[in-house]
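Spelled out, the chains give:
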Amino acid sequence: MLTHFITVGQVLDAPGGRAVLERFLPQAVDRADVRELLVLFFLRVTPGLRDDEQARAAFWAEIDALMEPVILRPHAAAIAPSAVGVSAPYASAPWTLVGSPTRWGLLEIQLSGPSDGNPFIDVELTAEFRCGERSWTVGGFYDGDGTYRLRALAEQEGTWQFVTSSTTPALDGIGGEVTVGPAAPGAHGPVRVDGFHFAYADGTRYRPWGTTAYAWNHQDDKTQEETLETLAASPFTKLRMCLFPKHFVFNNEEPSRFPFPRSFDHSRFDTEFFARLDEQVRRLGELGIEADIILFHPYDKWGFSDLGPAVDERVVRYVVRRLAGYAHVWFSLANEYDAVPGKTIADWDRIGETVTAEDPHGHLVSIHNFIEHFDHTRPWITHASVQHSRVDEVTGWRERWGKPVVIDESGYEGDLEFDWGNLTGEEMLRRFWEGALRGGYVGHGETYWNAEERIWWAKGGRLTGTSPRRIGFLAEIVAASPTGVLEPLPSDYDLPWAGVQDEYLVTYYGLGRPRERHILLPPGRWHVDVLDTWECTVERLPGTYETLAVVPLPAKPYQAVRLVKA
């Protein structure tokens, strides 16, 4: 398959190119933030072209006439393994245990094997791990210089046995035994779906108060350190980050390394890049932050968004095998799947099924939209990852998909010229509260301009906005629920209620600013708390109430009321 690998800027700079775009893709004209995006991006998100093959053909015919030669790029074919290391004795590769594994930690076996040929392609390595009655099939990966690794998540304490299988004799049939110790303090295992919410594998409640710093892991060491320091002092428990670098407004520097070597040989991986990714993921885990790894995205000038099925699968298998041994990793197939060039719904299904097949430990898997929601009922999807500003639709989405809803992108607190990047802190917080009272979780992002153009949403660094501290207050209110979560409850005609029926109820007034509210109470006696969600204060009214509470309010926005059973 050949794909037109051409940017908006290249078309605009060609004689007559602007006129073509003004007719077919007017939204791509005169916007500084899209010049280096692939034209394919806009074909995917423009209804008249997206759904009309003849219109697309007419568009490309005009482009082809303007630009000779047209920039075309073939998708690479699948590569069959070649025999390497066939002269080495069977099961002769030495192995070592890396570190001292503990429950819910990384169990890593390092092996020394052949380095001739292309081991990324030529050597297939797996192992069967057993502990007691349970077993896990783990895929291995090549890490350069003749080093191969097998990584498992140590889900149980005790004695583990393993036996390898490989296309290379020296790595085939190797057996061993290792001991996994008790869980370290604070280790709870991977996050699992719990109804419409989440919990760690050991049953501890988890709530995804997430933020986004798409390319923080592609920045210099100083910026990465600042990002980690900022996260350590924040209320956030999840970070969305891209595997591939991002090329977009305020984020157009060339990274120092790529997942592939700089020659862009897509049959090999840059092991130094992945060693750095290992370290970034490990350090997020030390902070108690889940690493939500985005595998593909459309904001690209290097061709990573349109590698073709064979290379896509190679990338996915390598990344999952490398990261699935970490408890705190999630896999997101895409940021804005419906804008990624060259991929159909069938492609996304195949990629999702590859992730789940390669991950023996069942980490969370999602896919994020630009315009059209994906069908989140797919069996490989664990929860809905949504881009939408209408956070009050969460309850309907839960019912539609039967899964937890995380609005990973509802807009960003900031002051950029673009409509997606100039929410006030108050509006960012309001969306968090509105989503939470409908049984979902809203994600944070920050896009305040600064002279260095080091914007959190793109590069990480420092947070300067006003919403994070207040999001932390919301997190405390939700955590104080007897179940640790809020469930939507029967609501007033004008206000939502959520919490735990007959025990813990919360309502939120948002932009409304009443001076009082008459609240009909469920049976029993109740404490009444007035919550100022902006000032982060709790005022408990004197005494207890039953049947009816006339609640005085300060006649300003962003107030909430909490009822706690006495």
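Residues numbered from 1 in each chain as written. Predicted model: local features only at pLDDT ≥ 70, side-chain atom pairs only at ≥ 80, totals over all residues. Heavy atoms only, no water.

## Remarks on the overall build of the chain
No. 1: Within the chain, the regular secondary structure consists of 14 helices and 30 strands.
No. 2: Here the C-alpha atoms of the chain give a radius of gyration of 26 Å, agreeing with the 24 Å that 2.2 N^0.38 yields for 566 residues.
No. 3: Expressed as a percentage of its 566 residues, the buried residues of the chain come to 58%.
No. 4: Looking at the chain alone, contacts between residues at least 24 apart form 69% of all its contacts between residues at least 6 apart. (Helix = DSSP H or I, 4+ residues; strand = E, 2+ residues; numbered from the N terminus. Rg over C-alpha atoms; globule rule 2.2 N^0.38 Å. Buried < 20%, exposed > 50% of the residue type's maximum accessible area, 1.4 Å probe, protein only. Contact = heavy atoms within 4.5 Å.)

## Here we look at empty space enclosed by the protein
No. 1: The final tally for this structure, using the stated rule, is 2 cavities of 30 Å³ or more.
No. 2: Here the largest cavity defines a volume of roughly 60 Å³.
No. 3: Forming the boundary of the largest cavity are Asn-217, His-218, Pro-255, Ser-256, Arg-257, Phe-273, Arg-276, Leu-277 and Gln-280.
No. 4: Its residues placed into classes, the lining of the largest cavity shows 3 nonpolar, 4 polar and 2 charged.
No. 5: By volume, the second largest cavity is sized at about 40 Å³.
No. 6: Around the second largest cavity sit Phe-244, Pro-245, Phe-296, His-297, Asp-300, Phe-304 and Ser-305, which together line it.
No. 7: Of the residues that constitute the lining of the second largest cavity, the class distribution is 4 nonpolar, 2 polar and 1 charged. (1 Å grid on protein atoms, 1.4 Å probe; cavity = no way out; pocket = protein on both sides within 12 Å on 5 of 7 lines; lining within 4 Å. Points joined across faces, edges and corners; volume = space filled by probe spheres on them. Nonpolar A, V, L, I, M, F, W, Y, C, P; charged D, E, K, R; others polar.)

## Focus: the sheet that holds strand β25 (residues 504–508)
No. 1: Reading across from one edge, β23-β24-β25-β30-β27-β28 is the order of the 6 strands in this open sheet, with antiparallel pairing throughout. Of all the strands in the sheet, the pair left with one neighbour each is β23 (487–489) and β28 (537–540). Across this sheet, the average inter-strand angle for adjacent strands is 30 degrees, counted without regard to direction.
No. 2: Alignment of strand β27 (residues 526–532) against strand β30 (residues 559–565), held across 7 bridges, turns out to be antiparallel. Residue pairing in the sheet places His-527 in a bridge with Val-564 of β30.
No. 3: Its contacts with the sheet put helix α14 (residues 467–479) on β25, β27, β28 and β30, and the angle it makes with β27 is roughly 165 degrees. (Pairing = 2+ DSSP bridges. Axes fitted to C-alpha atoms, helices over the stretch in contact; angles between N-to-C directions.)

## Points about the sheet that holds strand β3 (residues 95–98)
No. 1: Overall, antiparallel pairing links the 7 strands, which are arranged β3-β4-β7-β6-β5-β8-β9 in an open sheet. Two strands bound the open sheet, and with one partner strand each, they are β3 and β9 (175–180). Between one strand axis and the next, the sheet turns by 25 degrees as a mean value, whatever way the strands run.
No. 2: Looking at chain direction, strand β6 (residues 134–142) and strand β7 (residues 147–153) are connected through 3 bridges and run antiparallel. Residue pairing in the sheet places Phe-141 in a bridge with Arg-149 of β7.
No. 3: Its contacts with the sheet put helix α9 (residues 309–323) on β5 (125–131), β6 and β7, and the angle it makes with β6 is roughly 120 degrees.

## Remarks on the packing of helix α2 (residues 17–24) against helix α5 (residues 53–66)
No. 1: Relative orientation of the contacting elements α2 and α5 amounts to 170 degrees, with a least axis distance of 10 Å. Looking at the two axes, α2 sits roughly antiparallel to α5. For the pair α2 and α5, contact is made by Gly-17, Val-20, Leu-21, Arg-23 and Phe-24 and by Ala-55, Ala-58, Phe-59, Glu-62, Ile-63 and Leu-66, respectively.
No. 2: Within the contact of α2 with α5, the residues separate by chemical class into 8 nonpolar, 1 polar and 2 charged. (Parallel < 35°, antiparallel > 145°, perpendicular 65-115°, else oblique.)

## Side note on the packing of aromatic side chains
In this description, an aromatic ring pair is defined by two values, namely the gap between the centres and the angle between the planes.
No. 1: A complete count under the given rule lists 46 aromatic pairs for this structure.
No. 2: Look at Phe-141 and Tyr-318: their rings are 5.6 Å apart centre to centre, the planes differ by 75 degrees, and that puts the pair in the edge-to-face class. You can see Phe-141 sitting in strand β6 and its partner Tyr-318 sitting in helix α9, a full 177 residues away along the chain. Side by side, Phe-141 and Tyr-318 carry an identical accessibility label, which is buried.
No. 3: Over the face of the ring belonging to Tyr-214 we find Lys-246, whose NZ or CZ atom lies 3.5 Å from the ring centre.
No. 4: Here the guanidinium or amino end of Arg-398 rests over the ring plane of Phe-196, the centre of that ring lying 4.1 Å away. (Phe/Tyr/Trp six-rings, centres within 6.5 Å; stacked < 30°, edge-to-face > 60°. Lys NZ or Arg CZ within 6 Å of the ring centre and 35° of its normal.)

## Examining helix α8 (residues 271–286)
No. 1: The terminal C-alpha atoms of α8 lie 23 Å apart, and with 16 residues this matches the ideal 22 Å at 1.5 Å per residue to within 8%.
No. 2: Along α8, the positions that sit buried rather than exposed are Thr-271, Phe-273, Phe-274, Leu-277, Asp-278, Gln-280, Val-281 and Leu-284.
No. 3: Between a side-chain oxygen at the N-terminus of α8 and the backbone nitrogen of Glu-272 the separation is 2.9 Å; the capping residue is Asp-270.
No. 4: After α8 finishes, the residue Gly-288 shows a positive phi value of roughly 75 degrees. (Expected span 1.5 Å × (residues − 1). Polar contact = N/O pair within 3.5 Å; in protein donor to acceptor, adjacent residues only side chain to side chain.)

## So, the side chain of Asp-347
No. 1: In this fold, Asp-347 is placed in helix α10 (residues 345–358).
No. 2: Leaving out residues up to four positions away in the same chain, Asp-347 has contacts with Pro-309 and Gly-342.

## Things to note about the packing of helix α12 (residues 425–436) against α14
No. 1: One can describe the packing of α12 onto α14 by two numbers: an axis separation of 9 Å at closest approach and a directional angle of 20 degrees. In terms of axis orientation, α12 runs roughly parallel to α14. The two elements α12 and α14 meet at a crossing, and its hand is right-handed. Residue-level inspection shows Gly-425, Met-428, Leu-429, Phe-432, Trp-433 and Ala-436 of α12 in contact with α14, the latter providing Ser-467, Arg-470, Ile-471, Phe-473, Leu-474 and Ile-477.
No. 2: Of the residues contributing to the contact of α12 with α14, the split by class is 9 nonpolar, 2 polar and 1 charged. (Left-handed = near helix turned anticlockwise from the far one by under 90°.)

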